[in-house]
Amino acid sequence: MNALLSLPSEMLDPDDIQINIWVSQVRDLAYDAEDCIDEFMQHFGEPQGQCFTGCLGRGIHRLRTLKSRHQIATEIQDLKIRAREIAERRSKYAVTSSSGGSYAKRDPRLPSLFVDQSKLVGIGGSMHELAEWFTKNNQLERGVVAIVGPGGMGKTTLAMTVYHSPILTSIVLGSQSLGLMRQRFQWRASVTVSQDFDVDNVLGNILRQVIQVDREHRATSGAERVQEEKYLEGREKWGTERLVSMLREQLQDKRYVIVLDDIWTVSAWESIKISLPENLCGSRIIVTTRIETVANYICSHAYDHIYRIQPLSEVESKELLFKRVFGHGSNYLPELELVSNAILKKCGGLPLAIVNVGGLLASNRYRTPLEWQRVLDSLGYELETSPTLEGMKQILTLSYNDLPSHLKNCFLYLSIFPGNYKIRRSILARRWVAEGIVGEVCGMSIEDVAESYFDQLVSRNVVQPVDIDIDGKVTACQVHDIMLEVIVSKAVEENFVSLVSDQRAASPHKTVRRLSVDSRVNREDGLASMNLSHVRSLTVFNYAEQLVASHFKLLRLLDVEGCKDLDDYHLMYICKMLQLKYLSIRNTEVSCLPEEIGELQYLETLDIRETNITSLPRGIVKLRHLKHLLAGRTYRALEGADKYLFRQPVQMPRRFRKMNNLQTLPPVEVSKSSAVLQELPYLYQLRKLVIYYRNEEDSAAPLRQTLEKLRRLRSLSLWSYQTSECRPIDISFLDGLSFSSGDLQNLQLCGYLFHLPSWVTSLSYVTKLTLCWTKLDSIGVLKELPSLLCLRLYYWSCYCDPLSLGCSGFARLKMLVINDELITKVEFGRGAARNLEKIKWVFLGRTMEDTYGIEGIAFLPNLKEIELGGIVGNYMHRVAVDAESHPNHPRVTVRGW
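Residues numbered from 1 in each chain as written. Predicted model: local features only at pLDDT ≥ 70, side-chain atom pairs only at ≥ 80, totals over all residues. Heavy atoms only, no water.

Q: I'd like to hear about the state of the cysteines, residue by residue, with values.
A: Summed over all chains, the structure comprises 0 disulfides. Sulfur of Cys 800: no disulfide; nearest cysteine sulfur belongs to Cys 798 and is 3.8 Å away. (Disulfide = S-S within 2.5 Å.)

This is how it looks when you write it as structure tokens:
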């Protein structure tokens with residue numbers, strides 16, 4: 001059944017009502033089958049607390065569960081009967097899959113191919129940038145520019161505007177010695193490739209356009225034109241090989257420009273590019289694509305160019321909307337200011353959305369704030385029913401249809417979150433795993449598979465990156481409001497998610513599988529008509545009290561983050577949800593976990609961060625499947641620091657070594673008397689560890705021995721402090737550490753070191769290094785770390801003044817953060833830190849003087865930003881002068897703390 005539901009969308013005719021009903025029945029049957037399996041596992045999967053063993057114990061267990069066995073056996077028989085009936089119904093009514101494209105539809109991209117340039121807004125800057133690329137360095141090699149961005153962003157419009165622009169008929173290469181090179185882009189063609197393209201049709205179309213242009217250049221007679229037309233009539237039967245040969249022959253010595261609109265795959269590019277010769281005539285190819293990886297592949301040469309198209313600004317968005325609604329000569333209506341701003345916020349700078357919603361508003365003759373508000377509130381319904389928005393919906397739905405089956409459910413899952421919600425990468429990946437949306441792949445952990453799926457959604461431009469780490473990894477994303485309306489419609493239609501909010505009524509489906517609630521609802525109100533006994537996933541925003549008090553026997557995921565009405569009392573209900581794999585009560589008023597938490601035997605993620613919980617009960621050690629235990633309140637460790645936060649340590653119970661599947665552990669405090677040092681070595685899967693080390697006699701050696709046994713760590717933070725004064729202490733014992741965690745990527749050290757341990761230089765994969773109170777005599781040993789991207793130097797980190805990064809090394813360093821009163825000057829030599837993009841320097845408790853500063857800015861070819869904090873005095877002017885003389889003109893900002 002799941003295999004059927006994973007079929008590509010083109011295999012099933014979306015306009016066939018019988019197909020849709022039949023697929024819906026199969027989907028419900030598959031869900032009910034999974035529910036039956038879950039009930040079976042709950043009763044018989046892993047019997048707990050049996051006091052008898054052997055035959056007697058098994059006999060007693062069978063007697064106790066006799067009623068449940070009978071009920072489940074009956075359910076299984078009912079499922080078999082339903083499966084037979086659905087199969088017979090398919091045969092009876094001749095429900096068959098589509099031939100894949102037998103139903104005809106208007107190409108929604110057609111209006112973008114022929115644009116009235118007088119109606120365009122915000123395209124001038126993009127045109128200028130592409131024009132610069134066309135003439136760059138008098139380049140003779142065939143160059144490719146890939147315009148990449150989400151659907152509806154205006155890629156096709158931009159490409160065709162450039163294609164029809166006088167730019168291409170006025171640009172002349174500057175070489176005077178080669179007469180041929182002085183020709184303009186006179187041989188040209190534009191084709192739409194799309195998802196289900198036919199390579200012979202595409203090549204034949206290009207050939208026809210090229211021959212037509214060539215005919216115009218040769219001023220052929222009427223008889224010759226008739227002969228050429230007859231010659232081209234038979235091109236459908238030529239085959240790919242002959243078409244490629246003919247096209248290459250036509251373009252071999254020509255300076256041509258070809259537009260390939262809407263390329264979706266690398267294979268599509270490969271099948272077309274072979275027919276476009278790489279001559280030295282200054283030819284250009286313009287490609288549009290929604291997929292980042294495809295653009296990266298296509299633009300593989302240094303002289304190629306990727307243009308990432310950007311949303312319209314607020315001013316441009318408003319201009320486009322009112323031009324679409326009122327035309328050129330109409331006056332702006334002030335009373336529409338507020339509602340138009342809300343509409344534009346919903347459109348999010350997406351030209352396609354602005355134009356289509358503007359058309360919807362223009363078709364309404366009552367141009368009042370009340371009518372416009374009604375359109376805004378009913379936009380989801382309008383997407384389903386309005387012919388005006390049909391084209392926009394088709395274009396946006398293309399991105400969903402193109403997703404492979406393993407990504408479609410991942411994408412639909414995003415409909416759970418409200419508009420403008422920041423979706424965190426790690427949380428989303430864990431949720432996917434808990435709900436079984438992500439499967440295992442050979443050679444990868446299931447968490448790594450989930451994160452790779454997140455990266456694929458980002459690469460396909462179906463989600464918008466919000467937070468990007470220094471290594472380029474997207475750590476949080478959002479879904480465009482208009483795209484969210486599309487996937488919500490799809491998710492509700494397939495009963496994938498049921499949504500209840502102030503803007504959206506309860507789901508039409510009586511049986512609910514995944515429930516997302518974004519309002520203060522009562523069981524008697526929006527949820528009264530819903531059958532909640534089959535709910536597997538419950539996500540609540542704002543108010544959760546009445547929902548948590550319900551009985552969800554099959555619930556796998558419960559996320560009530562930020563619900564302030566939740567307290568300790570409600571945990572008695574949560575601890576009865578025995579199928580839970582994911583539980584988040586983050587940022588609630590809960591202060592204590594009950595012993596019964598240990599009954600949640602399948603729990604894999606427990607998130608209790610930003611609560612009042614400071615110690616964990618003994619019962620938690622029963623959670624043998626737990627992978628991620630996230631706890632502790634967050635505090636800013638250093639004033640003015642760059643997101644340098646620490647979490648309050650959490651007291652772990654004895655014998656937590658039994659939780660040997662743990663990958664993430666909350667911050668723990670270590671001392672000689674602490675049991676933590678005896679328990680940690682048994683956590684073989686541990687990936688992230690934060691330790692607060694107290695200065696107690698003979699506690700250093702056990703800590704060193706413990707760290708030597710943790711071989712899978714990816715992140716290690718060691719904070720040291722004296723018990724009585726809470727100030728840093730000596731951690732030089734680390735020098736004798738035989739550290740062998742080759743996977744370590746993030747290292748934070750806070751305490752007196754005086755010189756870096758020798759093993760630091762062997763950390764080939766460390767990308768982030770933070771030092772605080774280390775009092776180093778030099779940081780020169782760090783220059784050869786091959787993966788180091790970010791270096792943070794905080795209070796008393798080193799006695800190096802000036803701090804010199806030399807004339808080599810730090811090859812990959814992108815970000816340098818300094819918040820150290822001992823450092824008054826930073827010097828860069830020619831050749832050092834050539835990839836450095838950002839310098840962040842905080843001056844606290846002092847004013848910058850003439851003796852302070854950054855020397856060698858001119859030697860940093862990739863520098864983009866300098867951020868200063870604190871009391872900068874006259875130094876701001878000096879930095880601004882240096883930045884202005886730099887080729888990149890890096891941005892200089894001052895931020896106060």
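Here the narrative resumes, following the displayed structure.
Q: So what's going on with the sheet that holds strand β24 (residues 803-804)? Which residues, and what values?
A: One open sheet accounts for 3 strands, arranged β24-β26-β28; its pairing is parallel. The outermost strands of the open sheet, each flanked by one partner alone, are β24 and β28 (853-855). Pairing between strand β26 (residues 825-827) and β28: 3 bridges, direction parallel. Along β28, the bridge assignment pairs Glu 827 with Glu 855. (Pairing = 2+ DSSP bridges. Helix = DSSP H or I, 4+ residues; strand = E, 2+ residues; numbered from the N terminus.)

Q: Help me get a handle on the pairing of strand β7 (residues 464-468), residues and values and all.
A: Examined bridge by bridge, β7 and strand β8 (residues 474-478) share 4 bridges and lie antiparallel to one another. Considered in β8, the bridge of Pro 465 is made with Cys 477. Connecting β7 to the next strand, β8, in antiparallel fashion are 5 residues, including Gly 472 with a positive phi near 90 degrees.

Q: I'd like a rundown of the pattern of salt bridges, residues and numbers included.
A: This structure, assessed with the given rule, holds 31 salt bridges. Here Arg 714 makes a salt bridge to Asp 448, at a shortest N to O gap of 3.7 Å. Of this pair, Arg 714 sits in the loop between α27 (700-709) and β20 (715-721) while Asp 448 sits in helix α22 (residues 446-459), and the two are 266 residues apart along the sequence. A relative accessible area of 29% places Arg 714 in the partly exposed class. Between Arg 609 and Asp 607 there is a salt bridge, with the nearest N and O atoms lying 2.8 Å from each other. The buried category is assigned to Asp 607, whose relative accessible area is 1%. Sharing partners across several salt bridges, the network here consists of Lys 838, Lys 840, Glu 865, Glu 867 and Arg 891. (Salt bridge = Lys/Arg side-chain N within 4 Å of Asp/Glu carboxyl O. Buried < 20%, exposed > 50% of the residue type's maximum accessible area, 1.4 Å probe, protein only.)

Q: Describe the sheet that holds β7, listing the residues and the values that go with them.
A: Pairing is antiparallel across the open sheet formed by 3 strands, whose spatial order is β6-β8-β7. Both edges of this open sheet fall to β6 (423-424) and β7, since each of them pairs with a single strand only. Pairing geometry for β6 and β8, over 2 bridges, is antiparallel. Bridging from a neighbouring strand, Arg 424 pairs with Ala 476 of β8.

Q: Tell me about the packing of helix α19 (residues 390-402) against helix α23 (residues 481-493), residues and numbers included.
A: Packing of α19 against α23 brings their axes to within 10 Å, and their N-to-C directions diverge by 75 degrees. In this view, α19 runs roughly perpendicular relative to α23, as classed from their interaxial angle. Listed contacts from α23 to Met 392, Lys 393, Leu 396, Thr 397, Ser 399 and Tyr 400 of α19 are Ile 482, Met 483, Val 486, Ser 489 and Lys 490. Residues that form the contact of α19 with α23 fall into these classes: 6 nonpolar, 3 polar and 2 charged. (Axes fitted to C-alpha atoms, helices over the stretch in contact; angles between N-to-C directions. Parallel < 35°, antiparallel > 145°, perpendicular 65-115°, else oblique. Contact = heavy atoms within 4.5 Å. Nonpolar A, V, L, I, M, F, W, Y, C, P; charged D, E, K, R; others polar.)

Q: Talk me through a nonpolar patch on the surface; I want residue IDs and the actual numbers.
A: Residues Ile 37, Phe 40 and Met 41 make up a contiguous nonpolar surface patch of roughly 260 Å² in combined accessible area. If you trace the backbone, Phe 40 turns up in helix α2 (residues 17-45). A residue is classified by how much of its surface remains accessible, and Phe 40, at 37% relative accessible area, is partly exposed. (Patch = residues over 30% accessible without salt bridge, like charges linked within 9 Å, V, L, I, M, F, W, Y side chains within 5 Å. Areas by Shrake-Rupley, 256 points an atom, 1.4 Å probe, with all protein chains shown as cover.)

Q: How would you summarise helix α16 (residues 351-362) if you had to cite specific residues and measurements?
A: Over its 12 residues, α16 extends 16 Å from the first C-alpha to the last, a length consistent with the 16 Å expected when each residue adds 1.5 Å. The element α16 is largely enclosed, with a buried count of 10 among its 12 residues. Looking only at α16, the buried set comprises Pro 351, Leu 352, Ala 353, Ile 354, Asn 356, Val 357, Gly 358, Gly 359, Leu 360 and Leu 361. At its buried positions, α16 is contacted by α14 (314-326), α15 (337-347), α17 (369-377), α18 (379-385), α19 and α23. (Expected span 1.5 Å × (residues − 1).)

Q: Tell me about the side chain of Ser 537, residues and numbers included.
A: When you line up the elements, Ser 537 lands in strand β11 (residues 537-540). Ser 537 gets classed as buried once you look at its relative accessible area, which sits at 1%. Contact partners of Ser 537, with chain neighbours within four places excluded, come to Tyr 413, Arg 431, Glu 435, Arg 513, Arg 514, Leu 515, Leu 555 and Leu 557.

Q: Go over unusual backbone geometry with me, naming the residues and quoting the values.
A: Cis geometry marks the peptide bond from Asp 801 to Pro 802, where omega comes out at 5 degrees. Here Pro 802 is to be found in the loop between β23 (790-793) and β24. Here Ser 194, not a glycine, exhibits a phi torsion of approximately 70 degrees, which is positive. By the secondary structure assignment, Ser 194 is in the loop between β2 (187-192) and α9 (199-218). In this structure Ser 194 comes out as buried when scored by relative accessible area, which is 14%.

Q: Talk me through the packing of aromatic side chains; I want residue IDs and the actual numbers.
A: The final tally for this structure, using the stated rule, is 10 aromatic pairs. Residues Trp 773 and Trp 796 carry aromatic rings whose centres are separated by 5.2 Å and whose planes lie at 45 degrees to one another, so their mutual orientation is tilted. Taken together, the residues span a long stretch of sequence, with Trp 773 in the loop between β22 (768-772) and β23 and Trp 796 in the loop between β23 and β24 at a distance of 23 residues. An aromatic cluster is defined as three or more aromatic residues linked by ring pairs; in this entry it consists of Phe 322, Phe 326 and Trp 372. Over the ring of Phe 496 we find Arg 514; its NZ or CZ atom is 4.2 Å from the centre of that ring. (Phe/Tyr/Trp six-rings, centres within 6.5 Å; stacked < 30°, edge-to-face > 60°. Lys NZ or Arg CZ within 6 Å of the ring centre and 35° of its normal.)

Q: Give me the side chain of Asn 356: which residues, what numbers.
A: You can see Asn 356 is positioned in helix α16. At a separation of 2.7 Å, a polar atom in the side chain of Asn 356 contacts the main-chain carbonyl oxygen of Leu 352. Setting aside chain neighbours within four positions, we find Asn 356 in contact with Thr 388, Leu 389 and Met 392. (Polar contact = N/O pair within 3.5 Å; in protein donor to acceptor, adjacent residues only side chain to side chain.)

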